[in-house]
Structures are given as structure tokens and as C-alpha cells.
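Tertiary structure, described
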Amino acid sequence: MDSREITTQISEAADSLNLRKWDYGASFSNDYSVQVDKGEAKQLKASQKQILTIRVWNQSNLVGITTTSDISESGIKKALKQANIASDFGNKNESTEFSPLAKDPIKVKEFKKRSPVGIKKLLTLLREAEVKLLKSHESIKSVPYNGLSESFFERVYANSDGAFRSYSKSQAALYLYARAEEKNNKPRSSGSIKLGYGVDDIDIESCIKEASNKTISHLNYSSIKTDKYLICFSPESFLTIINAFSSMFNARSILDGVSLSNKNSIGEKLSTEALNIYDDGLHEKNISSSPFDGEGTPTKRLCLINRGRIENFIHSESTARIFKTIPTGHAGLGSKVSVSPDWIVVEKSEEKSDLKTSLDHSSYEGEFVYIEELNAIHAGVRASQGSFSLPFDGWLYKNGTKVSIESATVAGDIKYLLKNIVNIESSQKVTTSGISPHIWVDELSITGDA
Amino acid sequence: MLSSQVKSNEIVFGNCNKDLLEEIIFYGIRLGADFVEIFIENTDNASVLAEEDFITSVSPSFGRGAGIRIFKNKKDGFVSTNDLTKHGLMKSVSQAIEMLDIKDNKNREVFNGLNKHRDYTLPKKNWINEVPSIHEISEKLLVSTNSLKKNNKIITRKGSYSRSLQEVIIASSDGTYASDIRLHQTVGLNVIASDAQYRSSGSRRFGSAGMPNEFRLWDHEKAANDVFESSMNMLYADYVDAGQMPVVLANKFGGVIFHEACGHLLETTQIERGTTPFENKLNEKIAHESVTAIDEGISEGSFGSLSVDDEGMEPEKSVLIKDGILKKFISDRAGELRTGHKRTGSGRRQNYSFAAASRMRNTFIAKGDYSKEDLINSISDGLYCKSMGGGSVGATGQFNFAVEEGYLIKNGKLTKPVKGATLIGEAKEVMPKISMCGNDLELAPGFCGSISGSVNVTVGQPHIKVDSITVGGR
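Each chain carries its own residue numbering, running from 1 in the direction its sequence is written. As a convention, the first chain written is A and the first ligand written is 1, with the rest following in written order. Per-residue local features of the predicted model are confined to residues with pLDDT of at least 70, and side-chain atom pairs are confined, for both listing and counting, to 80 or more; whole-chain, interface and lining totals are unaffected and use all residues.

**Describing the overall build of chain B**
Of the regular secondary structure elements, chain B holds 11 helices and 23 strands. Taken over C-alpha atoms, the radius of gyration comes to 24 Å for chain B, in line with the 23 Å a tight globule of 474 residues would show. For the C-alpha atoms alone, the extent of chain B along its principal axes is close to 75 × 55 × 35 Å. When burial is assessed residue by residue, chain B has 57% of its 474 residues classed as buried. Here a helix means four or more residues in a row that DSSP labels H or I, a strand means two or more in a row labelled E, and each is numbered from the N terminus. Our radius of gyration looks at C-alpha atoms and nothing else; its globule reference is 2.2 Å times the residue count to the power 0.38. Neighbour density around each residue's C-beta defines its exposure: 20 or more other C-beta atoms within 10 Å make it buried, 12 or fewer make it exposed, and counts between make it partly exposed, where C-beta atoms are placed from the backbone.

The following block contains the structure:
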């Protein structure tokens with residue numbers, strides 16, 4: 001069944017059950033992945049998956065929902081019936097409607113459609129990559145975490161008001177995580193991830209090189225003394241921290257009382273005037289982009305922080321109505337609709353500011369801690385309180401030399417961090433989760449073993 | 001002919017599917033597979049969320065699917081599908097065979113048909129009618145969130161419930177043929193407290209396996225008092241000073257550290273990857289002699305208990321560490337094949353779209369001889385971790401755990417509450433430092449995410465003392 005046929009079938013089944021108002025979101029995917037272990041295939045996986053989420057509105061205009069993987073005629077009917085029963089428990093205090101933008105035109109990024117390369121080619125490519133990575137340095141003894149995958153999927157949104165959107169795309173991913181061991185030292189690990197629309201778009205050589213360089217660079221390690229340090233966040237780590245505290249820009253979180261912001265926070269100064277942050281799901285470098293959200297609202301670029309001040313919140317249909325604005329294309333599809341950012345873009349504004357531009361991660365010779373990657377986000381971030389305490393991989397730079405830091409955490413408060421940004425480097429880096437330059441922050445606490 | 005014996009071209013839950021399953025397994029063996037395993041599931045789930053004094057989300061879901069795994073030598077190919085017809089399942093077998101590049105079927109394995117059906121579903125068929133209705137759940141959640149309304153500093157009150165009912169059929173070419181129904185229910189309370197610039201949060205989660213009546217028996221008043229007290233104690237807490245210090249970890253969810261930092265390293269998947277420091281340490285001392293650790297799937301009602309694992313084996317009680325000596329690894333079928341460690345009934349997966357892997361079930365440190373006070377009295381300057389948040393373990397065994405509710409210990413007494421603490425270390429170094437175990441073992445439910453998805457587990461321990469650990473703070 002294609003998505004048009006499913007829409008027709010849902011429409012007919014809804015009619016037969018006397019359900020006049022409904023919408024649905026669906027995804028259909030075929031995924032293929034391989035893992036290797038020292039030249040041998042370890043696990044080869046293929047999956048065919050379909051997920052359908054249906055919402056119905058009852059006569060009191062309350063919403064009920066059901067999710068199923070059964071898209072047979074009987075499965076669809078059962079889902080509609082269950083959603084109708086669930087609508088008896090619909091939220092009476094916050095109504096949900098169709099997005100007013102669900103029929104607006106959407107921008108679909110143009111890209112060449114890729115075809116599956118097949119498991120055998122995936123396996124050959126990954127085997128070769130593993131061999132090259134193992135040969136790249138004598139201390140690299142294994143690549144315990146590795147994988148090459150390709151996915152082909154279609155996403156659909158439709159409603160009883162005649163809205164219908166669908167798009168198909170492909171995505172491939174390669175990850176290589178190496179482990180290096182040297183006598184009388186602890187094992188050290190690091191890795192690299194690359195995404196592409198298809199396997200042929202992935203720069204495998206650079207993934208190998210990056211995984212190797214990063215792993216080797218941690219071989220010379222030492223404990224760090226617990227203290228406050230000048231910190232340089234890598235683009236990846238700064239994006240991690242912004243995403244972890246994105247509830248500051250999230251209207252749903254504000255309404256739920258779990259955000260550091262409130263309804264009146266638009267215009268609040270959070271950081272230096274040199275800082276701009278956007279959410280830009282349709283950015284040309286975002287491989288995972290989607291032209292519409294769970295409610296069918298078109299994805300768009302939205303400014304979250306403009307010259308250090310909160311400019312916009314991200315919204316679903318219902319939060320936008322409460323805030324008297326329009327949906328921003330960040331909604332999921334659920335009984336309670338969630339809201340989340342797509343792809344964060346951090347940049348230096350053109351505003352003149354008092355940044356310490358001499359702070360450059362490639363040339364600064366004073367002492368600082370470079371945070372390459374933050375870990376254990378789910379455990380160490382208290383988004384509703386604004387605090388974080390996170391282990392990280394990184395280096396201590398001192399007198400022009402760098403030493404990998406063994407087992408340390410960085411702790412602080414997001415508002416303090418944003419207020420204490422002392423430099424935003426000029427050049428940005430594209431990562432798998434967004435774009436950012438290196439960001440320098442003064443006086444954050446580091447806990448180490450030394 | 002009984003309806004249950006009707007030959008079908010599709011898997012039908014509640015019917016006898018033996019002929020169809022045998023046909024599919026024969027097909028795989030005929031094509032040259034060493035081993036064929038079929039895992040089929042049918043799910044019926046629901047979740048309910050109460051916020052403040054209203055139900056804000058009711059989310060039912062249902063689904064079905066199959067995971068087919070083929071082994072050839074030590075390699076395996078895994079295919080998952082929503083198509084439970086004979087055609088769909090055979091297509092999946094062919095796809096797995098093709099992925100493994102199996103062309104030679106001359107020395108093929110013998111499949112003698114499926115053994116007698118082990119049907120664990122019989123006493124469980126009525127569970128779906130015995131679990132509380134959405135209406136009943138909603139009412140109790142609203143009473144619970146109302147119980148959290150204890151003062152005006154509580155600004156957010158949430159109660160959540162989720163139920164998963166999973167019916168599974170497991171068949172494989174060694175003759176395994178089993179069916180089971182699994183029921184898991186979990187309920188949690190969360191609050192955020194606020195006063196001027198101060199903020200704190202508190203949460204507690206409870207869960208059970210089987211036991212459809214358990215939610216009705218849940219003492220929501222006690223839970224609400226506990227969460228409220230925790231959030232109030234932490235509201236004005238100062239940040240902890242970082243450093244090396246002795247700590248006492250509370251019982252119940254304190255066991256998450258053993259689970260994450262050591263338990264995962266005792267799964268055979270870690271041996272396969274070469275990422276556990278304990279690989280060649282069987283029968284060697286890896287922990288303080290006061291430590292005995294167990295992983296089992298048999299405690300009635302515990303969140304990680306199961307009648308049969310996802311590979312058709314009944315779970316066993318595995319003593320992992322006895323008096324500090326490593327005695328056993330947690331193993332599944334692939335683990336046994338690739339590492340030689342015997343299966344322990346620990347082959348688990350989130351659902352049909354994951355291949356089973358060696359995973360923990362109910363994992364805990366056994367009780368010792370000391371009281372909680374003995375442990376605290378033994379410390380002049382340290383930290384008491386009353387409630388743990390989540391944590392993670394890196395690829396080289398380093399762990400990091402957030403302390404949700406902590407108190408300083410001074411001269412053998414609990415003093416002021418502190419926030420922002422994280423415990424940092426490595427299992428290999430911390431295990432020998434667990435020098436005292438209390439006599440108050442208790443278990444707590446949780447979800448564990450790993451290679452085969454998120455599975456229900458129990459963690460647990462008595463109060464334990466770690467002589468020295470790095471505490472991250474400000």
C-alpha cells in the first residue's frame with residue numbers, strides 16, 4: 001500500500017466509524033546495516049518497518065491517539081477505534097487543532113535519489129575501513145564499535161481537512177570507534193561519525209583519519225587538578241550543551257514549568273551581543289532534514305538568540321495558539337505534542353563587542369581546557385534547574401603543548417556559561433548535529449583526579 | 001479439527017503455529033544456515049500522564065512483528081519485518097541467507113522439528129483483562145499528583161504510568177518452541193520545587209513484572225511524601241566541593257552504579273568486543289572480599305524477571321562475583337558461540353526489531369553484616385548518596401553518575417544536603433574499594449539501554465561504603 005492508499009483507507013474507515021476529524025503521521029522504512037570484527041562480518045541487519053500514528057477528535061473536540069505497526073485494514077480500523085476511546089481522556093484544558101499551516105507549501109531540498117548499495121558492498125567498505133584504521137597506528141588494537149548503514153524511508157502527514165504531505169529520502173551513516181592500548185597505560189578510545197544521503201556520499205577516508213587521529217591524540221594522558229579553568233568548547237561540544245538546554249527556547253517546556261525561561265522571556269539577555277543562535281532544519285548541510293513536522297507544519301529557519309537576547313521560542317500548533325503566534329515546524333505527533341529543535345546553527349553576530357579575539361584554539365599559548373566531546377548528557381544535565389556536571393574528552397593546553405585529560409568532569413550553570421562567553425571564533429564547523437564555531441568560556445569548574 | 005490446529009499461511013497468536021514455524025526453519029536450514037531462530041511478538045501497550053490536576057496524555061499502541069536470525073559459523077544475519085505471512089517470513093529468511101552469502105548447503109545441519117511446545121502463557125492469558133483500565137489509572141494518578149500538593153514551593157507535579165503487554169513466540173532449529181506473555185507496569189512521580197533563585201527536583205519510579213494488580217496496591221501517599229521530602233531537602237542545598245572522598249551509597253537504586261560500571265562489563269557482548277578488563281579474570285579476585293554480586297531472572301514480580309528469555313531459555317540465577325572472586329559472565333546464544341561462556345537465560349531484546357544479546361535482569365550486590373549507621377559512622381569526611389540519578393559508562397570502562405540527593409558526612413554523622421555531585425571512576429578500580437556492605441538489601445526497577453535496545457531490569461544493593469572515589473562538583 002502506498003501513502004495515498006493508506007490515506008484513503010483511513011478516510012473510509014473513519015467514515016464507517018462516524019469519526020469526522022482525524023489526522024495521521026506515518027513512516028515506512030527499509031534499513032540495512034553491518035558490523036565487523038577484525039575483518040570478519042559480525043552482525044548483518046535488515047529491517048522493514050512501518051509505524052502509523054492516528055489522532056481522532058470526538059464530538060467534544062477532545063483528541064485521542066493510537067500508534068501501531070499494523071497497517072492492514074483491520075489494524076487501521078482497530079487503531080481508529082482505540083484512538084476514539086482514548087479521546088474520552090483527551091486534555092480538556094489545552095485543546096489541539098490541525099496546524100493552520102498544514103496545507104502551506106513546503107520546501108523540499110533537492111538531492112540526488114540514492115539506491116541501496118546492498119549488504120555485500122556495505123560489508124566490503126566497512127571491512128576495508130576497519131583494516132585501514134587498525135593499520136593507521138600500532139597502538140590501535142581494535143575497533144570495538146563500528147557500523148555502516150543505509151536507510152530508505154518515507155514520511156507522511158495527512159488530515160481529514162485535505163492536507164497531505166509526504167517525502168522520501170535516504171540516509172547513510174558510518175561510525176568508527178577505535179581503542180588504543182599501550183603497555184602500562186590505560187586503554188584510550190575515540191571515534192568519528194559521518195553521514196551522507198547515500199553510502200557513496202560518505203567520506204570514509206576522513207572518518208578513518210579522524211577516528212585514528214583522535215584516538216592517538218589521547219594516548220599521552222594525565223590527570224587534571226580540580227580547579228576553575230578557561231574553557232574552549234569544540235563546535236560539537238557547544239552544540240551538545242545548547243541542545244541539552246534547548247528547553248530555554250521551547251514553548252512546551254515553558255508551559256510545563258520545566259524551562260528556565262517563561263512566557264515573558266522574549267528579549268531577555270542571555271549572553272554576549274556577539275552570539276546568534278538559529279534553528280535551521282532545512283540547512284543545506286543537514287542530512288537529516290525534514291520539510292514538515294509531525295503536525296504537517298513546514299520546517300523553517302528560526303532565530304532563537306539574536307545578539308545575545310532570546311528572539312523566538314519553538315512551537316507546536318497548541319503552544320503557538322496559547323502564545324498568540326504561529327507554529328514554527330518543531331512539533332511531534334503525540335497525545336501531548338512534544339516540541340524539539342531540528343538543527344542548531346551558532347554564529348558570531350556582526351555586532352561589535354568586547355570579545356577576546358586573541359583566544360583561538362589553534363594558536364593561543366596560555367593555559368586552557370579544550371573540551372572535545374561531552375558525555376553522559378542524560379545523566380549530568382538538569383535542564384529544569386540549569387545545572388550540568390558532565391564527563392568529557394579533551395586536553396589541557398599549557399605553554400603550547402597539549403595533554404589528554406584523564407577522567408574529568410566539567411560542571412556549571414547554563415546561564416553562567418552563556419554570560420561568560422569570552423570569545424566566539426570566526427570560522428564555523430559543520431557537525432552531525434548542527435553548525436558552530438569554537439566557543440570560549442571563562443571560569444568553569446573542572447573536577448579531576450590529580 | 002480444532003480451530004487451533006487449522007493450517008495457516010500466517011502467524012496467528014493463540015493458535016498452534018508449529019507447522020508454519022517448522023516450514024520456515026526447514027527452509028533456512030535447507031539453504032545452508034547453521035542455525036535459524038524466529039522471534040515473533042504481539043504488543044498491546046498504554047501510557048498515561050497526569051500533570052498537576054489533569055490527565056494530559058493517554059497513548060495506547062499495539063503492533064506485531066518478527067525477527068529472524070540466521071547463524072553461519074560465528075556470523076549472524078538478522079532481519080526484522082512486520083509481515084507475519086508465510087511469504088513475508090520466508091522472504092526474511094532468504095534475505096538473511098543472502099546477507100551472509102551462504103551458497104553452500106552440502107553439509108547442512110539437521111533439523112528434527114520443534115520440541116513439545118513450552119507454553120508459559122496459560123496462567124497469563126487473562127492479564128489483559130485484569131490490568132487496571134485507563135479510567136482507573138487516571139483516577140489514581142490524579143490522586144497521586146494531588147498528594148504532591150504540599151506547599152506553594154512545588155511548582156510542577158507529574159504522575160506517569162505505562163504498561164506493556166508483550167506476547168511472544170520463540171522457535172529455533174535446535175527444537176526450541178516456547179510462548180510467553182510478559183506484563184510490565186511502571187509508575188513514577190516527579191516534582192520541581194522553586195523558591196526565588198533556588199530550584200530542585202525529585203523523582204521516584206516503581207515497577208513490576210507480571211502481577212496485573214500491582215498498580216492498585218502501589219502506596220502513592222508514601223511515594224508522594226518521599227518525593228516531596230527529597231525535593232524540599234535539596235531546594236536550598238549548596239553545591240558539593242569536588243574531590244576524592246569516601247562515600248556511602250544508599251540501597252535500592254544505588255545499585256545502578258554496580259549495574260552500569262561492572263554489570264555491563266560482565267556481559268559476553270563486552271568480551272566479544274574486547275572492551276572488558278575482566279575478560280581473563282575468571283576465578284580471580286576483582287572486588288573486595290565483602291562483595292558478592294548476583295544476576296537472576298527469577299524473583300517473582302521483579303521488573304527484570306521473566307519465565308523464558310528471548311531465545312527460549314529459562315533464566316537462571318547467576319552468581320557473578322562470590323566474595324570478590326569473578327565466577328561467571330552473563331551470556332546469550334551468540335555469546336556462547338563466540339566466547340564459550342554457557343548461556344544463562346539472559347538473551348534479551350527490546351522488541352522484534354533487535355537481535356537478542358546478553359543482558360542483565362535483576363542484578364544486585366548481596367547483603368552484608370553492617371547497619372547503615374555502621375557505614376556512616378566509619379567516615380569522618382565524606383558523602384552520603386541517598387538517591388542516584390542516571391549515569392553512563394564509556395568505552396574504556398569509565399563511569400559517571402549523577403547524585404540526585406546527597407548529604408555531607410562529618411565525623412560519622414549526616415550533615416547538610418549538597419547538590420551537583422557526580423561520582424566518577426572505573427569499575428576495575430572501584431570494586432576493590434567497596435569495603436562494607438549493609439544488611440538492608442532492596443531492589444529498584446529501571447530501564448537499561450544497550451545493544452539490543454531498552455529492556456526492563458532491576459538494580460539493587462544494601463547500603464555500601466566505597467573507601468575512596470572521585471566526586472565531581474563545583
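**Observations concerning the overall build of chain A**
For chain A, the count of helices and strands is 9 helices and 19 strands. Computed over the C-alpha atoms, the radius of gyration of chain A is 24 Å, within 12% of the 22 Å expected from 2.2 N^0.38 for a compact globule of 450 residues. Principal-axis analysis of the C-alpha atoms places the extent of chain A at approximately 75 × 55 × 35 Å. Burial status across chain A gives 51% buried among its 450 residues. For every residue pair, C-beta atoms are placed from the backbone, and the pair is scored as a contact if these atoms sit within 7 Å. At a minimum sequence separation of 6, the contacts of chain A that also span at least 24 residues come to 70%.

**Structural notes on the sheet that holds strand β22 (residues 453-461) of chain B**
Residue and element names in this part refer to chain B. By this definition, two strands are paired if DSSP reports at least two bridges between them. As summarised here, the arrangement of the 6 strands in space is β12-β11-β10-β15-β22-β21, forming an open sheet in which the pairing is mixed. At either end of the open sheet lies a strand with only one pairing partner, and these are β12 (325-326) and β21 (442-450). Judged from the 3 bridges that link them, strand β15 (residues 362-365) and β22 form a sheet pairing that is parallel. Note that in β22 the partner of Phe364 across the bridge is Gly460.

**Things to note about the environment of B:Thr121**
All names here are of chain B. Residue position: Thr121 is located in the loop between β4 (118-119) and α3 (127-130). Judged by C-beta crowding, with 19 C-beta atoms within 10 Å, Thr121 ranks as partly exposed. Along the backbone, Thr121 and Ser307 are 186 residues apart, and their C-alpha atoms lie at a distance of 9.5 Å.

**Structural notes on the environment of B:Thr415**
Considering the arrangement of structural elements, one finds B:Thr415 in strand β18 (residues 413-419). The residues contacting B:Thr415, other than those within four sequence positions of it, are B:Tyr407, B:Leu408 and B:Lys410.

**Structural notes on the interface of chain A and chain B**
Taken together, the 59 residues of chain A in the interface contact 58 residues of chain B. Tallying contributions element by element places strand β2 (residues 40-57) of chain A first for the side of chain A that touches chain B, with 11 residues. When the residues that make up the side of chain A that touches chain B are grouped by side-chain class, the tally is 16 nonpolar, 29 polar and 14 charged. With 5 bridges joining them, β2(A) and strand β3 (residues 75-81) of chain B adopt parallel strand pairing. The residue bridging A:Leu44 from the neighbouring strand is B:Gly77, located in β3(B). Gly falls in the polar group here, along with every residue not listed as nonpolar (Ala, Val, Leu, Ile, Met, Phe, Trp, Tyr, Cys, Pro) or charged (Asp, Glu, Lys, Arg).

**Regarding helix α6 (residues 220-235) of chain B**
For an α-helix, the turn length of 3.6 residues means that residues three or four places apart are oriented alike. Residue and element names in this part refer to chain B. Multiplying one less than the number of residues by 1.5 Å gives the expected span of a helix. Its 16 residues place the ends of α6 22 Å apart at the C-alpha level, agreeing with the 22 Å of an ideal helix rising 1.5 Å per residue. Those residues of α6 not exposed but buried are His220, Ala223, Ala224, Val227, Phe228, Ser230, Ser231, Asn233 and Met234. Tucked inside the fold, the buried residues of α6 contact α4 (134-147), β6 (177-195), β7 (198-209), β16 (381-393), β17 (398-410) and β18.

**Let's talk about unusual backbone geometry**
The backbone of A:Asn399 sits at a positive phi, close to 50°, despite the residue not being glycine. Looking at where A:Asn399 falls in the secondary structure, it is placed in the loop between β15 (387-398) and β16 (401-405). Backbone geometry at B:Asp101 places phi at a positive 60°, although glycine is not the residue there. Position of B:Asp101 relative to the elements: it lies in the loop between α2 (86-99) and β4.

**Here we look at the nonpolar core**
Taken as a class, soluble globular proteins show a tendency for nonpolar side chains to be buried jointly. If you look at the biggest cluster of nonpolar residues, it comprises 135 residues, and the most contacted ones within it are A:Ile231, B:Val247, B:Ile257, B:Leu383 and B:Val471. Here this core takes 7 residues from β17(B), the largest share from any one element. Those residues within four positions of B:Leu383 in sequence are excluded, and the remaining contacts are B:Val240, B:Met245, B:Val247, B:Gly406, B:Leu408, B:Ile409, B:Ala421 and B:Val471. Counting 67 residues, the second-largest nonpolar core is a separate cluster that includes A:Ala41, A:Ile202, B:Ile102 and B:Ile451. Buried Ala, Val, Leu, Ile, Met, Phe, Trp, Tyr and Cys residues form a nonpolar core when they are connected through C-beta atoms within 7 Å.

**Points about the environment of A:Thr401**
By secondary structure assignment, the location of A:Thr401 is in strand β16. Between the C-alpha atom of A:Thr401 and that of A:Ser261, which follows or precedes it by 140 residues, the distance is 41 Å.

**What to know about the pairing of β15(B)**
In summary, the side chains of a regular strand alternate between the two faces of the sheet. Residue and element names in this part refer to chain B. Side chains Asn362 and Phe364 of β15 all project onto a buried face; the interleaved residues Thr363 and Ile365 project onto the opposite face, where all are buried too. Bridge count between strand β10 (residues 293-296) and β15: 4 bridges; the pairing is antiparallel. By the bridge assignment, Asp295 is partnered in β15 with Thr363.

**Some words on the confidence of the model for chain B**
Note on scores: pLDDT gives the predictor's confidence for each residue, bounded by 0 and 100. Mean pLDDT over chain B works out to 94, with 98% of the residues at or above the 70 mark. We note a pTM of 0.92 for the whole complex and an ipTM of 0.89 for its interfaces.

**Here we look at α4(B)**
Residue and element names in this part refer to chain B. Compared with an ideal rise of 1.5 Å per residue, which puts 14 residues at 20 Å, α4 spans 20 Å between its outermost C-alpha atoms and is within 8% of the ideal. The set of residues buried in α4 consists of Ile137, Ser138, Leu141, Ser144 and Thr145. Buried residues along α4 cover an arc of 125° about the axis, so they all sit on one side. Summarising the geometry of α4, the exposed residues directed more than 90 degrees from the buried face are His135 and Glu136. Contact partners of the buried residues in α4: β1 (35-51), β2 (54-72), β5 (154-172), β6, α5 (214-217) and α6. It is the directions from the helix axis to the C-beta atoms that the arc portrays.

**Some thoughts on the pairing of strand β8 (residues 227-233) of chain A**
Residue and element names in this part refer to chain A. The buried fraction of β8 amounts to 5 of the 7 residues, a majority that puts the element mostly inside the structure. Note that β8 and strand β19 (residues 434-447) share 6 bridges and pair antiparallel. From the neighbouring strand, Phe233 faces β19, where its bridge partner is Ile439. Where β8 and strand β13 (residues 368-374) come together, 3 bridges link them in parallel fashion. When the sheet's bridge partners are listed, Phe233 is paired in β13 with Ile371.

**Regarding the packing of helix α1 (residues 18-30) of chain B against α2(B)**
All names here are of chain B. Between N-to-C directions, angles cover 0 to 180 degrees, with each direction set by a line fitted to C-alpha atoms, over the stretch in contact for helices. Interhelical geometry of α1 versus α2 gives an angle of 25° and a closest axis separation of 10 Å. In this view, α1 runs roughly parallel relative to α2, as classed from their interaxial angle. The crossing of α1 and α2 is right-handed. The residues of α2 that touch α1, namely those facing Leu20, Ile24, Tyr27 and Gly28, are Lys86, Leu89, Met90, Val93 and Ile97. What sets the label is the angle itself: under 35 degrees gives roughly parallel, over 145 gives roughly antiparallel, 65 to 115 gives roughly perpendicular, and the rest give oblique. By the definition used in this description, the sense in which the near helix is turned from the far one sets the handedness, with an anticlockwise turn below a right angle giving left-handed and a clockwise turn giving right-handed.

**Digging into the packing of helix α1 (residues 3-16) of chain A against helix α2 (residues 73-87) of chain A**
Relative placement of two packed helices is described by the angle separating their axes and the distance separating the axes. Residues and elements named next belong to chain A. With their axes 10 Å apart at the nearest point, α1 and α2 run at an angle of 55° to one another. With respect to α2, the element α1 is oriented oblique. Classified by chirality, the crossing of α2 by α1 is right-handed. Contacts between α1 and α2 involve Gln9, Ile10, Ala13 and Ala14 from the first element and Glu73, Ile76, Lys77 and Leu80 from the second. Split into classes, the residues belonging to the contact of α1 with α2 amount to 5 nonpolar, 1 polar and 2 charged.

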